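This is what each chain is made of:
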Amino acid sequence: NPNDFWNICDQLAKTNDAGGIAVVMYAIQAAAQRAGLQCTRAFLREYGKSVQFFPGVMQWFENINTYAAQIGIDVKHYINSSGIKEMIEGCAIAKAFERIYACSYLYDSQGDACWPAVVVDYTKKTQFLYKINKGIREVSDKVRINEYMPFDERPVPFERMIYFGDGETDVPCMKIVKMFGGNSIAVYNPDIKKKVNVAKKLLRQQRVNFITPADYTKESRTYEVVCAIIDKIKADWVLSGLKK
């Protein structure tokens, strides 16, 4: 039961003064062992196939790519998540992403998850944001990420980023993208009052540029906002060329 699972995770974290994301990874592995299941990559990817999406998500990537291409903009999509990478790899939209940065496991010789390989909390998310900015694909890289790279040479400039988030682990990334001239969007489930209030709070505190319901159809506010941002990115690029 999902509620029971999250209550167990919360209690484990409080009792051991542990990081919440690491505890979740442990709890998944422990639950599989108790049930006599092998917690393998294939098992987690299979579970990822059951992920349900908000309206319009399945068509979102093609719609946005098509809109942007009409005005000469090349869009790349990334996931920067505290979720489980293997599950995300199994979901129906995985192929839409340039790169998936998320929590993942180390596996033993039998293929069972035996230890966390990557734990993505709110500070780790900011590191991946800089990896995207600098065009670094490898999670293990700890050299190039700290080397100086002029802002105008970075493959994915912050001012051209659009960051979507819905929770506390997204706040530092939202703030960084907004601070460097990009756009952060807090999305929320309109049926959950707590989620709505969190989004409104982030906007009030000026941590995000926009808030939108988690509706990704062509008729949605989300689509309207993102298309407007893409238009602005193109206009800014044209204007910068006229200054030369």
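Just so it is clear, the model here is predicted, and its values are computed rather than measured. (Residues numbered from 1 in each chain as written. Predicted model: local features only at pLDDT ≥ 70, side-chain atom pairs only at ≥ 80, totals over all residues. Heavy atoms only, no water.)

Asks: Teacher, can you tell me more about the packing of aromatic side chains here?
Replies: One pair of aromatic rings is described through two measures. These are the centre distance and the angle between the planes. Evaluated as defined, the whole model comprises 12 aromatic pairs. When the centroid spacing of 4.9 Å and the interplanar angle of 20° are considered together, the rings of F158 and F180 count as stacked. Note that F158 is positioned in the loop between α6 (122-134) and β4 (162-165) and F180 in the loop between α7 (171-179) and β5 (183-188), a separation of 22 residues in sequence. Classification of F180 as partly exposed rests on a relative accessible area of 31%. An aromatic cluster is built from W60, Y67, F164, Y216 and Y223, whose rings are joined through pairwise contacts. The lysine or arginine in question, R99, covers the ring of Y101, its NZ or CZ lying 5.4 Å from the ring centre. If you follow R154 out to its NZ or CZ, it ends over the ring of F151, 4.3 Å from the centre. (Phe/Tyr/Trp six-rings, centres within 6.5 Å; stacked < 30°, edge-to-face > 60°. Helix = DSSP H or I, 4+ residues; strand = E, 2+ residues; numbered from the N terminus. Buried < 20%, exposed > 50% of the residue type's maximum accessible area, 1.4 Å probe, protein only. Lys NZ or Arg CZ within 6 Å of the ring centre and 35° of its normal.)

Asks: Looking at this structure, I do not really get the sheet that holds β5. What am I missing?
Replies: Working definition: the strands of a sheet are paired by backbone hydrogen bonds and lie parallel or antiparallel to each other. With parallel pairing, the 3 strands of this open sheet are ordered in space as β4-β5-β6. The open sheet terminates on both sides in strands that have one partner only, identified here as β4 and β6 (210-213). The average undirected angle you get between the axes of adjacent strands in this sheet is 30°. Both β4 and β5 contribute to a ladder of 4 bridges, which runs parallel. Each residue of the ladder has a partner; that of I162, found in β5, is N183. Across the sheet, helix α8 (residues 193-204) touches β5 and β6, and the angle it forms with β5 is around 160°. (Pairing = 2+ DSSP bridges. Axes fitted to C-alpha atoms, helices over the stretch in contact; angles between N-to-C directions. Contact = heavy atoms within 4.5 Å.)

Spatial relationships are all this shows, so hold off on functional conclusions.
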